[in-house]
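An overview of the molecular structure
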Amino acid sequence: MVGPLDLFADVRDLLELGGPVVRILLGAAFLLWVLIIERWLYCTRELPRMIDRIQAQWDARTDHSSWYARQVKRKLVSEATRQIRGHLGLIKALVALASLLGLLGTVTGMIQVFDVMATLGTGNARAMASGVSAATIPTMAGMVVSISGLYPILWLEKKLATETSKLNDHMITH
């Protein structure tokens, strides 16, 4: 059985082998998941209260059909959409950035391989293998971070569309 100390040693080894790009990826992954958790908490706790507040504000109006009422409705829905989106753009950017950072790690690792080949020739396979390792670890880490962020983005986009649609529907029927 793997203990917590073994897990930390494995993470430390991964950070050492992957170089500075993996350290940057770790920071990006941390920020990504902090933002995802914040949006999830917002959608499960605060969003229902906000939707109820906006619906009550709309229902309190006596005029629902004039041009002015339609503008008020657009404003309410627009504000709700902005609040629901929150940091979604930053989350998407971090997902894209993670794969690009992985690619950067590939390039820097391959530069190490070519540097070893230029210095020692092609006969030193062990020295070249360390560069190939340094190239593949950031690539893998970048892909893991990117792929792990895709499902939450899809969930948040669906939640945004669903809640905005429900809010619009409520304001049309009332």
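The model shown is predicted, which means the values in this text are computed figures rather than measured ones.

A separate point is the pattern of salt bridges. In the structure shown here, the tally under the stated rule is nine salt bridges. Two residues, E79 and K75, come together in a salt bridge whose shortest N-O distance is 3.1 Å. One end of the pair is E79 and the other is K75, both in helix α3 (residues 67–85) and four residues apart, which spans about a single turn. You can call E79 partly exposed: its relative accessible area is 32%. Here E163 and K166 are joined by a salt bridge, their closest N and O atoms 3.4 Å apart.

What follows concerns the environment of T119. Along the chain, T119 falls in helix α4 (residues 88–120). A distance of 2.9 Å separates the side chain of T119 from the backbone oxygen of D115, its partner in a polar contact.

With numbering aligned to this structure, UniProt lists the feature "domain: MotA/TolQ/ExbB proton channel" (unreviewed entry) at residues 62–167. Between the end C-alpha atoms of residues 62–167 the distance is 18 Å, and the span holds 90% helix and 0% strand.

On to the UniProt feature "transmembrane region" (unreviewed entry) in the chain, then. Within the UniProt annotation, "transmembrane region" (unreviewed entry) is assigned to residues 20–41, 90–114 and 134–156. In this annotation, residues 20–41 is assigned 100% helix and 0% strand; the end-to-end C-alpha distance for the span is 32 Å. Spanning residues 134–156, this segment combines 100% helix with 0% strand, and its end C-alpha atoms are found 34 Å apart.

A few words now on a nonpolar patch on the surface. A cluster of nonpolar side chains, namely L97, L100, L103, V107 and I111, defines an oily patch on the protein surface of about 460 Å² accessible area. If you trace the backbone, L100 turns up in helix α4. The exposure class assigned to L100 is exposed, which follows from its relative accessible area of 54%.

Assignment of secondary structure puts E163 in helix α5 (residues 125–173). Taking the relative accessible area as the measure of exposure, E163 reaches 9% and is therefore buried. Leaving out residues up to four positions away in the same chain, E163 has contacts with L47, I51 and I84.

Rules used throughout
- Residues numbered from 1 in each chain as written.
- Predicted model: local features only at pLDDT ≥ 70, side-chain atom pairs only at ≥ 80, totals over all residues.
- Heavy atoms only, no water.
- Salt bridge = Lys/Arg side-chain N within 4 Å of Asp/Glu carboxyl O.
- Helix = DSSP H or I, 4+ residues; strand = E, 2+ residues; numbered from the N terminus.
- Buried < 20%, exposed > 50% of the residue type's maximum accessible area, 1.4 Å probe, protein only.
- Polar contact = N/O pair within 3.5 Å; in protein donor to acceptor, adjacent residues only side chain to side chain.
- UniProt positions renumbered as here; feature names shortened; annotations may be inferred.
- Patch = residues over 30% accessible without salt bridge, like charges linked within 9 Å, V, L, I, M, F, W, Y side chains within 5 Å.
- Areas by Shrake-Rupley, 256 points an atom, 1.4 Å probe, with all protein chains shown as cover.
- Contact = heavy atoms within 4.5 Å.

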